[in-house]
Amino acid sequence: MIKSKTALIIGATGQDGAHLAQHLLAAGWIVYCGFRRGSASKTWRLQHLNILDKVKLVNINIDEPFNLNDVLKSIQPEHIYHFAGESFVADSFIHPVTTLQANTLGTLNVLEAIRHTVPETRLFFASSSEVFGPAETNTLLSEESRLKPANPYGISKLTAQELVRMYRDTYNLHASVGILFNHEGPLRGRNFVTRKISFNLARLKIDNGDPIELGALSSARDWGAAEDYTAAMMSLLEQKTADDYVFATGKLTTVRDFLRFSAIAVGFDPLFEGTGAEEVCVDKTSGKPIAVVSERYFRPFDTSARGGNSKKLINKINWQGSRTVEQIATEMVLTDIDRRTKGIINV
Ligand code: GDR
């Protein structure tokens, strides 16, 4: 009998951790889901995927080198996926120290723990498109593009991914970096704009109430599917050598269009009127307001729109996305309709 391999996901209560756990279980892996004390109540994503009883939960604190060493020594994972840290870009201006501590020093602790306890282990580190500098909207960003992050979050991720590269080069660790553009799905947290839209459209459709308050509707992002990106991460760790890869679709969509796709999917007939802070989206059929712009959600230093070029990833693992952004929007809002119909409104 072939022995099952063991994977450890650090930061497994988030969107990517849950999808990845599902992919790994389906492929026969023993999956340890590492979570920080205090986030045990956030297992709703694992529950949603019906895998909470199939994974092994383990308490991990990446701020604690000794704790990390102990966990790695006892689990001896073949693969480690590191997702732990701060993920909300806008908040990083308010909490720059926490952001760097969690994302940069936390990653350094993970690298040191691997080097000292399980140096044969393969690592995947989730970095971000926020590591790039400002770019022309029509240029797709690749692994070779200029790295000049414009917020504490991007700086924390860039420093962390450089540490991963250095440990790969210097200590010969099999450590890969995913430079991840936005990736979405029904397990997204509600502070991100796509899920804010899907959650509130379901609320409006079923319970009525006030329109959704959004920030800049003309902001655009390269939105892919979290389920696809996590599958690609798994394939990358099967490769002989480790490297850095951009994960992106190469297509930009505005927040306005994401809202439009989502609203149409639940039977609204969205019409956008006005401009800037005065813009509103109404349902043409009922006259009901769906969304309004609130300056409260404008970001003083918002990242400009830019798409990614995933050619290197595509060539390496023959990867392709399974869904268009319209399909992602539809899946998200229909899942939220289903949740609300069942009385689930707290996830
Ligand atoms: P982002 O994602 O900052 O790109 O980071 P987010 O969904 O928060 O914002 C995307 C764009 O939407 C605009 N926007 C709003 N955003 C939020 N959150 N709420 C609003 O009401 C709203 N209205 C408009 C924003 O201004 C922005 O332009 C995500 C995270 O997953 C990071 O962890 C990851 O590294 C990057 O993507 C790549």
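Overview of the structure. Remember, it's a predicted structure, so these values are computed and weren't measured experimentally. (Residues numbered from 1 in each chain as written. Predicted model: local features only at pLDDT ≥ 70, side-chain atom pairs only at ≥ 80, totals over all residues. Heavy atoms only, no water.)

## Quick notes on the packing of aromatic side chains
Evaluated as defined, the whole model comprises ten aromatic pairs. When the ring of phenylalanine 132 is compared with that of phenylalanine 181, the centres are 6.1 Å apart and the planes differ by 35 degrees; the resulting orientation is tilted. With phenylalanine 132 in the loop between strand 5 (122-128) and strand 6 (140-141) and phenylalanine 181 in the loop between strand 7 (174-180) and strand 8 (183-184), the pair connects residues that are 49 residues apart, well separated along the chain. Residue classification places phenylalanine 132 among the buried positions, given a relative accessible area of 1%. The class for phenylalanine 181 is buried, based on a relative accessible area of 2%. Between tryptophan 223 and phenylalanine 258, the ring centres sit 5.1 Å apart and the planes meet at 55 degrees, which makes this aromatic pair tilted. Taken together, the positions of tryptophan 223 in the loop between strand 10 (220-221) and strand 11 (224-225) and phenylalanine 258 in helix 8 (residues 255-265) put the pair 35 residues apart, joining distant regions of the chain. Residue class for phenylalanine 258 comes out buried when judged on its relative accessible area of 1%. Ring pairing ties together the aromatic residues Tyr81, Phe124, Tyr229, Phe247 and Trp319, which thus form one cluster. A cation sits over an aromatic face here: arginine 115 above tyrosine 171, 4.1 Å from the ring centre. (Phe/Tyr/Trp six-rings, centres within 6.5 Å; stacked < 30°, edge-to-face > 60°. Helix = DSSP H or I, 4+ residues; strand = E, 2+ residues; numbered from the N terminus. Buried < 20%, exposed > 50% of the residue type's maximum accessible area, 1.4 Å probe, protein only. Lys NZ or Arg CZ within 6 Å of the ring centre and 35° of its normal.)

## What to know about the sheet that holds strand 3 (residues 56-59)
Read from one edge of the open sheet, seven strands run 3-2-1-4-5-7-12, paired in parallel fashion. The sheet terminates laterally at strand 3 and strand 12 (244-247), the two strands that pair on one side only. Here the average twist between neighbouring strands, direction ignored, is 20 degrees. In the sheet, strand 1 (residues 6-10) pairs with strand 2 (residues 30-35) via five bridges, with the strands oriented parallel. Counted as the bridge partner of threonine 6 is isoleucine 30 from strand 2. (Pairing = 2+ DSSP bridges. Axes fitted to C-alpha atoms, helices over the stretch in contact; angles between N-to-C directions.)

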